[in-house]
Amino acid sequence: MPKTVNVTITYTAQLARAAGVEQESATAMQGSPLTLLLRDRAVACSAEMKELLFDSDDTLRKSIVVVVDGSQITNPDSFSLERDHDLFLMMPISGG
Amino acid sequence: MDIPGFGQEGQEKLRNTTALVSRTGGLGGPIALQLAAAGIGKLVLAHGGNLQPSDLNRQVLMRHGSLGQPRIESARETLQAFNPHITVETVNANINEENAEELVGSADIVFDAAPRFNERFLLNRQCVRQRKSLIDAAMFSMEGQVVTIVPGLTPCLACLYPEEPPHWNRRFPVLGAVSSLIANIAVVQGICLLTGIGDAHLGKMIYIDTAGMNLRKIAIQRRIDCAVCQSVPSAAP
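Think of each chain on its own: its residues are numbered from 1, step by step along the sequence as written. Just so you know, chain letters begin at A and ligand numbers begin at 1, following the order they were written in. Reporting of local features is limited, given that this is a predicted model, to residues whose pLDDT is at least 70; pairs of side-chain atoms are given and counted only at 80 or more, and all residues count toward the totals for whole chains, interfaces and linings. Side-chain numbers here rest on the full set of heavy atoms in the structure, without hydrogens or water.

Engineer: I'm lost on the overall build of chain B in this one. Help?
Structural biologist: Each helix is a run of DSSP H or I of at least 4 residues and each strand a run of E of at least 2, with the numbering of both proceeding from the N terminus. Counting its secondary structure elements, chain B contains 7 helices and 8 strands. Taking the principal axes of its C-alpha atoms as reference, chain B extends roughly 50 × 45 × 40 Å. The buried share of chain B, taken over its 237 residues, is 56%. Just so you have it, chain B exposes about 10,000 Å², and 49% of that area is on carbon and sulfur atoms. Counted charges follow a simple rule, with Lys and Arg positive, Asp and Glu negative, and His plus the chain ends left uncounted. A single reference atom marks each charge: NZ on Lys, CZ on Arg, CG on Asp, CD on Glu. Side chains of chain B carry 21 positive and 21 negative charges; the gap between the two charge centres is 3 Å. In this scheme, a residue with accessible area under 20% of its type's maximum is buried, one over 50% is exposed, and one in between is partly exposed, where area comes from a 1.4 Å probe on protein chains only. Note that accessible areas follow from Shrake-Rupley with a 1.4 Å probe, and for residues the cover is restricted to the protein chains shown.

Engineer: Quick question: what am I supposed to make of the nonpolar core here?
Structural biologist: One recurring pattern in soluble globular proteins is that nonpolar side chains are buried together. We define the nonpolar core as a collection of buried residues of types Ala, Val, Leu, Ile, Met, Phe, Trp, Tyr and Cys that are connected through side-chain atoms lying within 4.5 Å of one another. Counting residues in hydrophobic clusters, the biggest one holds 110 residues, and the most contacted among them are Leu89(A) and Leu43(B). At 8 residues, helix H7 (residues 176-195) of chain B tops the list of elements feeding residues into this core. Ignoring anything within four residues of it in the chain, the contact list for Leu89(A) reads Ile9(A), Thr10(A), Tyr11(A), Thr12(A), Leu15(A), Leu38(A), Leu53(A), Ile64(A), Val65(A) and Val66(A). Two residues qualify as a contact provided that any one of their heavy atoms is within 4.5 Å of a heavy atom in the partner residue.

Engineer: Help me understand the pairing of strand E1 (residues 18-22) of chain B in this model?
Structural biologist: Across a regular strand the side chains alternate sides, sitting on one face of the sheet and then on the other. Residue and element names in this part refer to chain B. E1 sits mainly inside the fold: 5 of its 5 residues count as buried. Of the two faces of E1, the one holding Thr18, Leu20 and Ser22 and the one holding Ala19 and Val21 are both buried throughout. Clockwise travel from the first strand over the helix to the second, with the strands pointing away from the viewer, marks a crossover as right-handed. For the segment spanning E1, helix H2 (residues 28-38) and strand E2 (residues 42-46), crossover handedness is right-handed. Paired strands are those between which DSSP finds at least two bridges. Across 4 bridges, E1 lies against strand E4 (residues 109-112) in parallel orientation.

Engineer: Would you mind showing me how to read the side chain of His85(A) here?
Structural biologist: Relative to the assigned elements, His85(A) resides in strand E7 (residues 85-90). One polar contact links the side chain of His85(A) to the main-chain carbonyl oxygen of Arg83(A), over a distance of 3.3 Å. In the analysis that follows, any N or O atom pair within 3.5 Å is treated as a polar contact, provided that within protein one partner can donate a hydrogen and the other can accept it, and provided that, for residues neighboring in sequence, both atoms belong to side chains.

Engineer: For this particular structure, what's the right way to read the environment of Leu37(A)?
Structural biologist: Residue and element names in this part refer to chain A. Topologically, Leu37 is positioned in helix H2 (residues 34-45). Judged by its relative accessible area of 6%, Leu37 is buried. In this structure, the C-alpha to C-alpha distance between Leu37 and Ser56, residues 19 residues apart in sequence, is 18 Å. Excluding its chain neighbours within four sequence positions, the residues that come into contact with Leu37 are Val7, Ile9, Ala26, Thr27, Ala28 and Leu81.

Engineer: Would you take a moment to explain the interface of chain A and chain B for this structure?
Structural biologist: A common way to report how large an interface is uses the accessible area buried once the components associate. Each partner contributes residues to the interface: chain A has 26 residues there, and chain B has 39 residues. Throughout, buried area stands for the accessible area (probe radius 1.4 Å) lost by two parts on being put together, summed over both. Contact with chain B buries area across many residues of chain A, yet Ile93(A), Ser94(A) and Gly96(A) alone supply 26% of it, more than any other trio. Salt bridges are defined by distance alone: a side-chain nitrogen of Lys or Arg within 4 Å of a carboxyl oxygen of Asp or Glu. At the boundary of chain A with chain B, the tally comes to 1 salt bridge. Measuring nitrogen to oxygen at the nearest pair gives 3.5 Å for the salt bridge that ties Arg216(B) to Asp86(A). Across the contact surface, chain A and chain B share 12 residue pairs in polar contact (both at pLDDT 80 or more). For the side of chain A that touches chain B, the class distribution of residues is 9 nonpolar, 11 polar and 6 charged. Classification convention: Asp, Glu, Lys, Arg as charged; Ala, Val, Leu, Ile, Met, Phe, Trp, Tyr, Cys, Pro as nonpolar; all other residues, Gly among them, as polar.

Engineer: How do you make sense of the pattern of salt bridges when you look at a structure like this?
Structural biologist: Opposite charge on two side chains lets them pair, provided their charged atoms get close. All names here are of chain A. Scanning all chains against the criterion turns up 16 salt bridges over all chains. A salt bridge links Lys50 to Asp58, with the shortest nitrogen-to-oxygen separation between them at 2.9 Å. Take Lys50: its relative accessible area is 24%, and that puts it in the partly exposed class. Via salt bridges that share partners, Arg39, Lys50 and Asp58 belong to a single interconnected network.

Right under this line is the structure:
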């Protein structure tokens, strides 16, 4: 039987507004790509969320800071979910 | 300052330091004020434009009586009245392609509190090129973050954001207490870096969500293909 992993996703700033929640839990297949989970969550959430996270080529925007278990992931396309993770998605912020 | 490890030597270091502060608004204003309080030797402030009523919910260096007047003059007057023993040099313009190289070159450390990404990226490029330390501060609504950038030792701003965010909106929600809090953290990080006290959190982003009073220290990574700092050799910490 395929194994699954649990991922806690926390959103910041405009992402939290678009998601309507600051934090949610998701289940993914062990070894599945991180970006697949993000794409699924974005589509399930709203068109705005999809637009904020992904460009017109359906690629995760480079300006989104992806943090897995406390560390920034600079190449999320090659990151696979092997165990339970704490995912922190940061929308760029500026000024004050 | 009677802080263990700081002493006369730490104070002398601050007195011999010139800090460039990009913008003197909700973030940059409290940054400049706390640097002045700490006894920084010289402040170079860059901020263009005139004071608007909507600035006054957060820009603590400004005064109601200065509405319509250049922000930078209000900032200078407040800082000099607060601490007449420091030098305050002002530029009535935001950081731009024409002034960035010279302004960064005039400083020992740079504090970035600009709301526009193009200004922040420009300061980052100049700081990396001139090997100057940069404390980058940003906030949005009830959240904020501070990143200390030391070229050769840490990732740079372009490692964090390799491209300009397409959805950034210049108009953003802001609470003055949040921007002041983030500014104060930026100053603490700068003073730690300058004097060697405490932890300057190199390679970390300090992120705070004040709504939940949650603080995270996020390890940020240097990009091997970074367009800005790729050519800077890594130095031993």
